[in-house]
Amino acid sequence: MTELRFADVTVRYGRTTAVDGVSLLVPSGEIVGLVGESGSGKSTLARAAVGLAPLGGGRITMDGEPVPLRGRHRPLQMVFQDPYSSLDPRRTVGDSVAEAMPPGGSRAERRVEVQRLLELVHLDPARADAVPSRLSGGQRQRVALARALAARPRAVIADEITSALDVSVQGAVLNLVRELRRELGLSILFISHNLAVVRYVASRVVVLRGGRVVEQGPTAEVLTEPRHDYTRELLAAVPGRGARRSRT
Amino acid sequence: MPPASTRRWSRVARTPLALVAIALLVVVAALAVLGPVLWGADAEAVDTGNILAGPSARHWAGTDNLGRDIAARVLVASRLSVVLALLAVAIAVVVGLLLGTAPFLLGRGRAGRLVTAAVNIAVAFPGMLLALFFAVVFGVGATGAVMAIGLAGAPGFARLVQTLVSGVAARDFVAAARVAGVGRGRILVRHVLPNIAEPLVVNATIGAGTALLSFAGLSFLGLGVQSPSFDWGRLLYDGASALYLNPAAALVPGAAVLLAGLAFNLVGESVAKGLGVEGLGIEGLGVPVGSGRWVLPGRTAAPGPAHAAADAPDPADDVVLGVRDLAVSFRGPSGPVRPVRGVSFDVHRGESVGIVGESGCGKSLTALAVTRLLDDDARLEASRLHLLGTDLRAPQATADRRKLGTELAVVFQDPMTSLNPARRIGAQLAEVATHHQGMTRREAAARAVDRLDAVRIPDPGERARQYPHEFSGGMRQRAMIGMGLMGTPALIVADEPTTALDVTVQRQVLDLLSAVRDSDAVALLLISHDVAVVGEVCDRVLVMYAGRIVEDLPAAELATARHPYTRALVDAVPDMDTDLDEPLATIPGRPVDPADVPAGCAYAARCPLADARCRAQDPALVSDPHAPARRVACWHAGEPLPAERAVDLLVESP
Ligand SMILES: Nc1ncnc2c1ncn2[C@@H]1O[C@H](COP(=O)(O)OP(=O)(O)OP(=O)(O)O)[C@@H](O)[C@H]1O
Ligand code: SF4
Ligand SMILES: [Mg+2]
């Protein structure tokens, strides 16, 4: 449906270069995992794509057209890391979701749409009138996903969306991400520092270090036969791998 | 309004001072409305036979130079004084809002920066000086004074608004609205202003009190209200000229200004305090993971009830930490809440024990209890709580505290909040040694460098002279561990030490903890919500649910856990071998709210094996007859889970 392409993207904050000539492709209807240590520029790249960080060089395009950063039509949406900060505590869940919908339609129609979106992310539509403080972290993150989907995006960037969640709800959110791709054909750039999580959702992986891409390719290949030392280092760091270190 | 915020507001009116202030403000408001109606005629009645008289039965505050009753005039003046003050505040708020929100509306460009700079310069001028300047510009009189005081207050307000706005603007919900294409003006009205309204109202109230006083000042200088109108300041001015004939003529309006000013100020302050306005009034942030502070382990915990000295000293003397029936409770809105409900375990010398469980299950409270770092409002009970032979339930003698300080090390999740940002790392480490071990400063400084080296910080001598912000997250965490190693700890308690770190750094910290443990036979109590981390680092795992231990098993046997909750936790985490064709296992429902623990097994509502007995009777934690090292609390421990793996795994949580 839509491919999201970063071509030679550079982002500078003052004198530091946070993202340095990054090129990557999210093929139509696929999930691409973006991994790397903190400070490697993952979030900056995401923020540049949706206009929250200044683009210093290069192009970010959807199907060859620059990503629109003005006006109400925003086909590229982003979901943020911390579901406790990404929902306005004073507004109801329904308001937050409705706000992101394209303008137009009657009140009743918008309400029906909100309910459809909440159902899509497996929330009880009656939750539309709840304020975020009534929801668990996992439920909030699902609201954040519903809000992103409300804008009728063709591609979504998910920035560490499970790292603030308990492991017991992380699974539900990951299942949902996979299901949304399957059923809506969304192209998703999935940012995470957890390789096991990326392995589970993404068909391709891009490894970022110091603002540059050090390796990319199909997930199965990169994770089983890493070519770059840094990728190997990341793999070795996944908890539960390698020798248990307790004394014998 | 949701009930939560009603409750917050009712909290405001709880202190006696707040009640007095509110009562006073109501009186001032009533006078402002009714004063001119009730006493208007008296205030204008000229009594030529009684000019500049002192207090008498008819005129208890005396009369002015036309023989008018001063008391009546003070009462009548309430309206004008209050109205002028409110007008001035309104001007300050409106101009302040315009200037304060301008940088947000204008974006990061030059115009925005210019406004910010201008406000910063204006704030630097004393308010009264600005007011005098504007009073001269706008001319003598009530209008001029209102403009002057209003504009003089504006920069302060603008600064406040700017700070509050930028605080809210940094939050992700504003970013999300921008990504959705919502314009800046709309974002301001919908998301930013509602979230800063409370502190603004509070500060405007306080501002009204200040404006009252400023008016008195201007009028007193003759720059404010001109006769025949009169406000308190004008009465003060007139009264002061006859101070020696009738002091009451100046004192009474003076007192009125003071009381009314105080009423506004105090109401504002109490509201601020009651609502905790500094936090931007953002609710529902939940309990942070891990506790962010560094207290030298050595503080006395609230002693539990004096349990009969039931337990003799440890039989097996390799027990470093012995805990029996540990409970922690707090006073809740409706009766006591008990987030930890009877936890028993031992940690042996050199052993590493992990505690896992979902957020809110009581992991951190357990850690805080055994390190005696619980808040004062927490109530701790235990039939036994021994650390290295010291009973932690009783207040410790100084010598014992000192000993514990060197034998127990504590590492929290976020080392930035645990380290003092204003002191050099080396000095902070050294302090532990001078404080607890009585080393000299030189020895302590040398030991600090040595310990930084031990936790593999490169260039330790150099680094010891740096401040915490010059360290990366992983290095700070290592420095914290180094701090724990200043003594010769027998136990390290680490609460989510790697949650804030990314994988590679997490790996280094975990390796370091393991290495420390191996070389010195130090015991480790590691708290984490990540089964994978605990399973890798620890010998033994305690699984907590709703304030209890539900399973205690060797880490190597996690794969064959017998409690349905442990099995669900293990299954929920994807690893490098997870089947990609299946959805991930999830745990339906939510953890138990400690204020509302059900009867029977606390896990029953989420458990696929739950039956009537589970819902009625709480299973005790008992040793496995086949494997005495393992304990489990479940009526159906080890029974196969229903094959069709929960229902729809994505059904909404109740
Ligand atoms: N000072 C307090 N007053 C009242 N309740 C408290 C207090 N501190 C903690 N609690 C409650 O006790 C319960 C257990 O808290 P605790 O911090 O031990 O959880 P945890 O298992 O460490 O969770 P997390 O994984 O989120 O750190 C929570 O429900 C919490 O709300
Ligand atoms: S006791 Fe019953 S409800 Fe509780 S965990 Fe065991 S089977 Fe489930
Ligand atoms: Mg905790």
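Residues numbered from 1 in each chain as written. Chains lettered and ligands numbered in written order. Predicted model: local features only at pLDDT ≥ 70, side-chain atom pairs only at ≥ 80, totals over all residues. Heavy atoms only, no water.

### What about the overall build of chain A?
Stage number 1. If you tally the helices and strands in chain A, you get eight helices and ten strands.
Stage number 2. When each of the 248 residues of chain A is scored for burial, the buried share is 58%.
Stage number 3. Long-range pairs, those at least 24 residues apart, make up 66% of the contacts in chain A with a sequence separation of at least 6.
Stage number 4. On chain A, roughly 9800 Å² of surface is accessible, and the fraction owed to carbon and sulfur atoms is 46%.
Stage number 5. With 35 positive and 26 negative side-chain charges, chain A shows a separation of 3 Å between the mean positions of the two kinds. (Helix = DSSP H or I, 4+ residues; strand = E, 2+ residues; numbered from the N terminus. Buried < 20%, exposed > 50% of the residue type's maximum accessible area, 1.4 Å probe, protein only. Contact = heavy atoms within 4.5 Å. Areas by Shrake-Rupley, 256 points an atom, 1.4 Å probe, with all protein chains shown as cover. Lys, Arg positive; Asp, Glu negative; His and termini not counted. Charge placed at Lys NZ, Arg CZ, Asp CG, Glu CD.)

### A short note on the overall build of chain B
Stage number 1. Helices and strands together make up the secondary structure of chain B, namely 21 helices and 13 strands.
Stage number 2. Looking at chain B as a whole, 52% of its 654 residues are labelled buried.
Stage number 3. In chain B, the share of contacts with a sequence separation of at least 24, taken over all contacts with a separation of at least 6, comes to 69%.
Stage number 4. Carbon and sulfur atoms provide 61% of the accessible area of chain B, an area that totals close to 28700 Å².

### Digging into the site of ligand 2
Stage number 1. Surrounding ligand 2, one finds 13 residues, the nearest of these being B:Cys601, B:Cys607, B:Cys614, B:Cys634 and B:Trp635.
Stage number 2. Class assignment of the residues belonging to the shell around ligand 2 gives a composition of eleven nonpolar, two polar and no charged. (Near = heavy atom within 4 Å. Nonpolar A, V, L, I, M, F, W, Y, C, P; charged D, E, K, R; others polar.)

### Topic: unusual backbone geometry
Stage number 1. We note that A:Asp63 has phi near 50°; this positive angle belongs to a residue other than glycine.
Stage number 2. Overall, A:Asp63 belongs to the partly exposed group, its relative accessible area being 39%.
Stage number 3. Although it is not a glycine, B:Asp459 adopts a positive phi angle of roughly 55°.

### With respect to the pattern of salt bridges
Two side chains with opposite charge may pair up if their charged atoms get near one another.
All names here are of chain A.
Stage number 1. Tallied over the full model, the rule gives 26 salt bridges over all chains.
Stage number 2. Across the pair Arg212 and Asp20 runs a salt bridge whose closest N-O atoms are separated by 2.8 Å. Of the two residues, Arg212 sits in strand 10 (residues 212-218) while Asp20 sits in strand 2 (residues 16-26), which places them 192 residues apart along the sequence.
Stage number 3. Its relative accessible area of 48% is what places Arg212 among the partly exposed residues.
Stage number 4. Under the relative-accessibility criterion, Asp20 is labelled partly exposed at 27%. (Salt bridge = Lys/Arg side-chain N within 4 Å of Asp/Glu carboxyl O.)

### A short note on the sheet that holds strand 1 (residues 4-13) of chain A
All names here are of chain A.
Stage number 1. Pairing within the open sheet is antiparallel, and its four strands lie in the order 2-1-4-5. Every interior strand has two partners, whereas the edge strands, strand 2 and strand 5 (65-66), have only one.
Stage number 2. Across seven bridges, strand 1 lies against strand 2 in antiparallel orientation. The partner of Val9 across the bridge, within strand 2, is Val22.
Stage number 3. Packed onto the sheet, helix 1 (residues 42-49) meets strand 1, strand 2 and strand 4 (57-62) and runs at close to 110° relative to strand 1. (Pairing = 2+ DSSP bridges. Axes fitted to C-alpha atoms, helices over the stretch in contact; angles between N-to-C directions.)

### A few points about the site of ligand 1
All names here are of chain B.
Stage number 1. Residues in close proximity to ligand 1 total 16 residues, the closest being Ser359, Gly360, Lys363, Ser364 and Leu365.
Stage number 2. Contact distances for ligand 1 include 2.7 Å between an oxygen atom and a backbone N or O atom of Gly360.
Stage number 3. Here ligand 1 has 640 Å² of accessible area as a free molecule, and 80% of this is covered by the chains.
Stage number 4. Per-element tally for the shell around ligand 1: the top contributor is helix 11 (residues 363-370), with three residues.
Stage number 5. The residue inventory of the shell around ligand 1, partitioned by class, reads seven nonpolar, five polar and four charged. (Polar contact = N/O pair within 3.5 Å; in protein donor to acceptor, adjacent residues only side chain to side chain.)

### Comments concerning the confidence of the model for chain A
Stage number 1. Looking at chain A, pLDDT values average 88 and 96% of them are 70 or higher.
Stage number 2. Confidence over residues 242-248 of chain A falls short of pLDDT 50; this stretch has 21 contacts with residues more than four positions distant or in other chains. (pLDDT = per-residue confidence, 0-100.)

### Regarding the pairing of strand 9 (residues 204-209) of chain A
Residue and element names in this part refer to chain A.
Stage number 1. Where strand 3 (residues 31-35) and strand 9 come together, four bridges link them in parallel fashion. Paired with Val32 across the strands is Arg204, a residue of strand 9.
Stage number 2. Examined bridge by bridge, strand 9 and strand 10 share six bridges and lie antiparallel to one another. The residue of strand 10 that forms the bridge with Val207 is Glu215.
Stage number 3. Between the antiparallel neighbours strand 9 and strand 10 lie two residues, among them Gly210 with a positive phi of about 55°.

### Some words on the packing of helix 3 (residues 70-106) of chain B against helix 4 (residues 110-124) of chain B
Each pair of packed helices can be described by the angle between their axes along with the distance between the axes.
All names here are of chain B.
Stage number 1. Helix 4 packs onto helix 3 with a crossing angle of 160° between their chain directions and a minimal axis gap of 8 Å. What the angle tells us is that helix 3 and helix 4 run roughly antiparallel. Both helix 3 and helix 4 take part in a crossing whose hand is left-handed. Each of Leu99, Ala102, Pro103 and Leu106 in helix 3 lies in contact with helix 4, whose residues at this interface are Ala111, Gly112, Val115, Thr116 and Val119.
Stage number 2. The residue makeup of the contact of helix 3 with helix 4, split by class, is seven nonpolar, two polar and no charged. (Parallel < 35°, antiparallel > 145°, perpendicular 65-115°, else oblique. Left-handed = near helix turned anticlockwise from the far one by under 90°.)

### Quick look at the interface of chain A and chain B
One frequently used descriptor of interface size is the decrease in accessible area upon assembly of the parts.
Stage number 1. The partner chain B presents 70 residues to the 69 residues of chain A that form the contact.
Stage number 2. In this assembly, chain A and chain B are joined by two salt bridges.
Stage number 3. Along the contact surface separating chain A from chain B lie 19 residue pairs in polar contact (both at pLDDT 80 or more).
Stage number 4. Contributions of two or more residues to the side of chain A that touches chain B are made by strand 6 (76-79), helix 4 (137-150), helix 5 (167-184), helix 6 (195-201) and helix 8 (229-237) of chain A.
Stage number 5. Here the side of chain A that touches chain B is built from residues that sort into 28 nonpolar, 17 polar and 24 charged.

### A closer look at the environment of B:Asn120
Stage number 1. Within the fold, B:Asn120 resides in helix 4.
Stage number 2. When the C-alpha positions of B:Asn120 and B:Pro155 are compared, they lie 7.7 Å apart, and in sequence the two are 35 residues distant.

### A few points about the packing of aromatic side chains
Two aromatic rings, taken as a pair, are described by how far apart their centres are and by the angle between their planes.
Stage number 1. Considering all chains together, one arrives at five aromatic pairs over all chains under this definition.
Stage number 2. Ring centres 5.1 Å apart and planes at 80° place the aromatic pair B:Tyr545 and B:Tyr603 in the edge-to-face group. With B:Tyr545 in strand 10 (residues 540-545) and B:Tyr603 in the loop between helix 20 (564-572) and helix 21 (612-616), this residue pair connects regions lying 58 residues apart in the sequence. Neither residue differs from the other here; B:Tyr545 and B:Tyr603 are each classed as buried.
Stage number 3. Counting every residue linked through ring pairs, the aromatic cluster contains B:Phe133, B:Phe134 and B:Phe138.
Stage number 4. One Lys or Arg, A:Arg178, reaches over the ring of A:Tyr200 and ends 4.0 Å from the middle of that ring. (Phe/Tyr/Trp six-rings, centres within 6.5 Å; stacked < 30°, edge-to-face > 60°. Lys NZ or Arg CZ within 6 Å of the ring centre and 35° of its normal.)

### A look at the nonpolar core
Here is a general trend for soluble globular proteins: nonpolar side chains tend to be buried in one another's company.
Stage number 1. One finds A:Val97, A:Leu117, A:Leu118, A:Phe190, A:Leu195, B:Val192 and B:Trp232 to be the most contacted residues of the largest nonpolar core, which totals 114 residues.
Stage number 2. When near neighbours in sequence (up to four residues on either side) are disregarded, B:Val192 contacts B:Phe104, B:Val165, B:Val168, B:Val174 and B:Ile187.
Stage number 3. B:Ile425, B:Ala479, B:Cys601 and B:Ala604 belong to the second-largest nonpolar core, a separate cluster that totals 62 residues. (Core = buried A, V, L, I, M, F, W, Y, C linked by side-chain atoms within 4.5 Å.)

### Thoughts on the domain arrangement of chain B
Stage number 1. Here the domain parsing of chain B yields domain 1 (4-275) and domain 2 (295-422 + 467-569).
Stage number 2. On a C-alpha basis, the centres of domain 1 of chain B and domain 2 of chain B stand 53 Å from each other. (Domains from an automatic or database assignment.)

### Observations concerning the sheet that holds strand 9 of chain A
Residues and elements named next belong to chain A.
Stage number 1. If you walk across this open sheet you meet the six strands as 6-7-8-3-9-10, and the pairing is mixed. With partners counted over all chains shown, the strands left at the sheet margins are strand 6 and strand 10, one partner each. Each adjacent strand pair in this sheet contributes to an overall mean axis angle of 15°, direction not counted.
Stage number 2. As paired strands, strand 6 and strand 7 (residues 155-159) are joined by four bridges and run parallel to one another. Residue pairing across strands places Val79 opposite Ala158, the latter belonging to strand 7.
Stage number 3. Of the strands in this sheet, strand 3, strand 9 and strand 10 are in contact with helix 8, which crosses strand 9 at around 105°.

### What to know about the confidence of the model for chain B
Residue and element names in this part refer to chain B.
Stage number 1. Taken residue by residue, chain B gives an average pLDDT of 80. The fraction at 70 or more is 87%.
Stage number 2. Low pLDDT (under 50) marks residues 278-315, which in the prediction has 79 contacts with non-local residues, meaning those over four places away or in another chain.
Stage number 3. Predicted complex, confidence summary: ipTM 0.83, pTM 0.74.

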